[in-house]
Every structure is written in C-alpha cells, then in structure tokens.
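Tertiary structure, described
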Amino acid sequence: MKISIDMDGVLTDFVGGFRNIQRSLGRTVPDVDPNDYDFKSWNLTKEQFSEGFKKIKTTDGFWEKLSPYKENVTALRNFIHGVQDQEIFFTTSRATSGGASISTQTRRWLDNHELWSTWRNYTTVLPVVSAGDKVSLYTALGITHSIDDYGPTVLNCENLKGHQPFLLDRSWNREYIPLRRVSKFQEFLDAVKADLAE
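Here is a short report on the structure shown in this document. Since the model is a prediction, treat every value here as computed from it, not as a measurement.

1. Some thoughts on the overall build of the protein
When helices and strands are counted, the protein shows seven helices and six strands. Here the protein has a C-alpha radius of gyration of 17 Å; the compact-globule value for 198 residues is 16 Å, and the two agree. If you line up the protein on its principal axes, its C-alpha atoms span 55 × 35 × 30 Å. Across the 198 residues in the protein, those meeting the buried criterion constitute 50%. Across the protein, contacts joining residues at least 24 apart in sequence account for 66% of those joining residues at least 6 apart. Of the roughly 9700 Å² of accessible surface on the protein, a fraction of 49% belongs to carbon and sulfur atoms. If you average the places of the 24 positive and of the 26 negative side-chain charges in the protein, the two averages end up 4 Å apart.

Have a look at this one:
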C-alpha cells in the first residue's frame, strides 16, 4: 500500500508560522485560524499576503521550525511503528525559504519528530511545485490513499482509479464537501488500517 500525507495543515502548523511572519512585519493578526486559504478573514490584502511569502523566502529554516499538530504526529508515529512494509510519501507544495532545500528541511522536521524512515517502512519526501501536481504524481506512483487539507486537491483526486483521497477538516476548507472528510487524522489512519486488514 502506498500512502501520501500532506505536511502543512496536516502535520505542521503552517498557519501558526505564517501568523508569526505577518506579526514580524508589524501586522496585527488574530490568534484564531482563518476561514479561507488566502487569509482574507485576517483582513490581509493580496499585497500583504504576498509579502508574507516573500518574507518566508528569506527566513532561514522556516519549514523545519514549524510547530507540529501533536495529536496527528503521535498518531502517525504509532501507525509507522505498528505496521510494516508500507510506502509513506510526504507530498508537499512549499515555497522556497532561507537555508536548506525544501526536501532537506522537511526531512529534518520529520526526523526531529520521529517520523522519518524506519526499518519497518519506507518513507520519502516528494516536494511539488503546486498542489495541482499531486494528482498526476499519485497516478504515476500508484498511491492508494492520501490526506490533505487543501480542498481542490482532494476533489481532483476523487475520480482516480484505485485511490482514496481524504480531506482533513480545517476552518479554511469548510466550503468543500468531498466524499471523505475526516475530523481527525486518526480516522484516516483507521481507514488505511482497515484496508490493510482486508
């Protein structure tokens, strides 16, 4: 079985990191998560949103310093140590930042949270230029299950043969109603385990 797991919004708290970036630029942003992908609910203009990403590009190690969603990381760690012979792909669309490459920063983050390669399973990082690239990647690699917080990616994967996409419920993706929305990351892992048991 081949499993793809998105990073930001699933394992890593990108919103928290972006909040810190905006505050470092002198902006007042709320502690609550946005209810859209463009952070308009934070009253950010397009220019301010873009300036945030420009700041990320010059921030050393931005991606490897993101905080984890602890419950999800713990659940995945338990899954990785509880099953074997699975291929787990960490597929992510990230802007470049200061310091090491996206792949290296992502791998370091995973290693720091005990989610990197173990003797029981095969894990790898797959950075993509845009979220839309994930669909063709899943097809090419024969990925059977995926979880993401980005609604358009999940919707585009719904008709892939032999593939089950899951959307992790977040405040910013409530407008999307795909077939498989899960409120907790553990629900996704339980579905994968159920398929493994068949």
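From this point, things continue past the structure.
2. Remarks on the packing of helix α1 (residues 14–24) against helix α2 (residues 46–58)
In contact at an axis separation of 9 Å, α1 and α2 are set at 100° when each is read in the N-to-C sense. When the axis of α1 is compared with that of α2, the two are roughly perpendicular. Of the residues in α2, those in contact with Phe14, Phe18, Ile21, Gln22 and Ser24 of α1 are Gln48, Phe49, Gly52, Phe53, Lys55 and Ile56. Here the contact of α1 with α2 is composed, by residue class, of six nonpolar, four polar and one charged.

3. A closer look at the packing of aromatic side chains
Applying the stated criterion across every chain yields a total of 16 aromatic pairs. With centroids separated by 5.2 Å and ring planes inclined at 70°, the aromatic side chains of Phe166 and Phe188 adopt a geometry described as edge-to-face. You can see Phe166 sitting in strand β5 (residues 164–168) and its partner Phe188 sitting in helix α7 (residues 185–197), a full 22 residues away along the chain. Relative to Phe188, the ring of Phe185 lies with its centre 5.9 Å away and its plane at 40°, an arrangement referred to as tilted. Pair noted here: Phe185 and Phe188 are both in helix α7, with a separation of three residues, about one helical turn. The burial state of Phe185 is the same as that of Phe188; both residues are buried. Three or more aromatic residues joined by ring pairs make a cluster, and in this case those are Phe14, Phe18, Phe39, Trp42, Phe49, Phe53, Phe62 and Trp63. The ring centre of Tyr69 lies 4.2 Å from the NZ or CZ of Arg170, which sits over that ring. Positioned over the ring face of Phe166 is Arg180, at 5.9 Å from the centre of the ring.

4. Quick notes on the nonpolar core
Counting residues in each nonpolar core, the largest one holds 40 residues, and the members touching the most others are Ile5, Leu11, Leu76, Ile147, Phe185 and Phe188. Elements with a contribution of two residues or more to this core: β1 (2–5), α1, α2, α3 (70–82), β2 (87–93), α4 (102–112), β5 and α7. The greatest single-element share of this core, amounting to five residues, is contributed by α3. In this view, Phe188 contacts Ile3, Ser4, Ile5, His145, Ser146, Ile147, Phe166 and Val182; residues no more than four positions away in its chain are not counted. Residues Leu126, Val135, Tyr138 and Cys157 belong to the second largest nonpolar core, which totals seven residues.

5. Details of α2
Over its 13 residues, α2 extends 19 Å from the first C-alpha to the last, a length consistent with the 18 Å expected when each residue adds 1.5 Å. Phe49, Gly52 and Ile56 are the residues of α2 that are buried. Projected onto a plane normal to the axis of α2, the buried residues spread over an arc of 55° and lie on a single side. Pointing more than 90 degrees away from the buried face of α2 are the exposed residues Lys46, Glu47, Lys54 and Thr58. The secondary structure elements touched by the buried residues of α2 are α1.

Calculation criteria
Residues numbered from 1 in each chain as written. Predicted model: local features only at pLDDT ≥ 70, side-chain atom pairs only at ≥ 80, totals over all residues. Heavy atoms only, no water. Helix = DSSP H or I, 4+ residues; strand = E, 2+ residues; numbered from the N terminus. Rg over C-alpha atoms; globule rule 2.2 N^0.38 Å. Buried < 20%, exposed > 50% of the residue type's maximum accessible area, 1.4 Å probe, protein only. Contact = heavy atoms within 4.5 Å. Areas by Shrake-Rupley, 256 points an atom, 1.4 Å probe, with all protein chains shown as cover. Lys, Arg positive; Asp, Glu negative; His and termini not counted. Charge placed at Lys NZ, Arg CZ, Asp CG, Glu CD. Axes fitted to C-alpha atoms, helices over the stretch in contact; angles between N-to-C directions. Parallel < 35°, antiparallel > 145°, perpendicular 65-115°, else oblique. Nonpolar A, V, L, I, M, F, W, Y, C, P; charged D, E, K, R; others polar. Phe/Tyr/Trp six-rings, centres within 6.5 Å; stacked < 30°, edge-to-face > 60°. Lys NZ or Arg CZ within 6 Å of the ring centre and 35° of its normal. Core = buried A, V, L, I, M, F, W, Y, C linked by side-chain atoms within 4.5 Å. Expected span 1.5 Å × (residues − 1). Arc of directions from axis to C-beta.

These values are about where atoms sit, not about what they do.
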